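Overview (structure and organization)
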Amino acid sequence: MTATRDILEEIAAGRGPSRAILALGYSGWGPGQLEQEILDNGWLVAEGNAALALDADHATKWTRALGTMGIDPRTLSASAGHA
């Protein structure tokens with residue numbers, strides 16, 4: 001992952017990594033916001049998996065990523081609650 005132009009220039013020149021994905025977008029958080037969201041269980045966090053991340057089968061990537069954590073996406077809910 002990079003947020004700088006140098007790696008894009010290396011890829012364009014044929015000197016970059018042999019496998020890459022180009023994704024454009026923006027997300028922003030205030031100071032400490034992301035860390036607090038993780039502590040509040042607002043994110044699923046897992047070990048990195050380069051083989052999965054760089055796999056060309058994007059249609060099933062989310063489901064397969066959940067599977068590496070033992071999660072069946074059919075058991076997830078779009079609603080949250082408090083006991």
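Calculation notes
Residues numbered from 1 in each chain as written. Predicted model: local features only at pLDDT ≥ 70, side-chain atom pairs only at ≥ 80, totals over all residues. Heavy atoms only, no water. Patch = residues over 30% accessible without salt bridge, like charges linked within 9 Å, V, L, I, M, F, W, Y side chains within 5 Å. Areas by Shrake-Rupley, 256 points an atom, 1.4 Å probe, with all protein chains shown as cover. Salt bridge = Lys/Arg side-chain N within 4 Å of Asp/Glu carboxyl O. Helix = DSSP H or I, 4+ residues; strand = E, 2+ residues; numbered from the N terminus. pLDDT = per-residue confidence, 0-100. 1 Å grid on protein atoms, 1.4 Å probe; cavity = no way out; pocket = protein on both sides within 12 Å on 5 of 7 lines; lining within 4 Å. Points joined across faces, edges and corners; volume = space filled by probe spheres on them. Nonpolar A, V, L, I, M, F, W, Y, C, P; charged D, E, K, R; others polar. Buried < 20%, exposed > 50% of the residue type's maximum accessible area, 1.4 Å probe, protein only. Polar contact = N/O pair within 3.5 Å; in protein donor to acceptor, adjacent residues only side chain to side chain.

Re a nonpolar patch on the surface
Among the surface-exposed residues, Leu8, Ile11, Leu22 and Leu24 lie close enough to one another that they form a single nonpolar patch of about 450 Å² accessible area. Looking at where Ile11 falls in the secondary structure, it is placed in helix H1 (residues 5–12).

Description of the confidence of the model for the chain
The predicted coordinates should not be examined in detail at positions where pLDDT is low. On average, residues of the chain carry a pLDDT of 88, and 99% of them reach 70 or more. Across the chain, element-level confidence peaks in helix H4 (residues 61–68) with a mean pLDDT of 94 and bottoms out in H1 with 90.

Some words on the layout of surface pockets
Within this model, the largest pocket holds a volume of roughly 1,300 Å³. Taken together, 34 residues make up the lining of the largest pocket; nearest its centre are Met1, Ile21, Ala23, Ala53 and Leu54. Per-element accounting of the lining of the largest pocket gives the leading share, five residues, to H4. By residue class, the composition of the lining of the largest pocket is 23 nonpolar, eight polar and three charged.

Considerations on unusual backbone geometry
Positive phi values are uncommon outside glycine, yet Asn41 reaches one of about 60°. Within the secondary structure, Asn41 is located in the loop between helix H2 (33–39) and helix H3 (50–53). When its relative accessible area of 68% is taken as the criterion, Asn41 is described as exposed.

Regarding the environment of Glu37
One can find Glu37 in helix H2. The exposure class of Glu37 is partly exposed, given its relative accessible area of 25%. Taking the C-alpha atoms as reference, Glu37 lies 16 Å from Gly81; in sequence the two are 44 residues apart. Polar side-chain contacts of Glu37 include one of 3.4 Å to the side chain of Trp29.

Describing the pattern of salt bridges
Within this structure, the stated rule accounts for four salt bridges. Across the pair Asp72 and Arg74 runs a salt bridge whose closest N-O atoms are separated by 2.6 Å. You can call Asp72 partly exposed: its relative accessible area is 27%.

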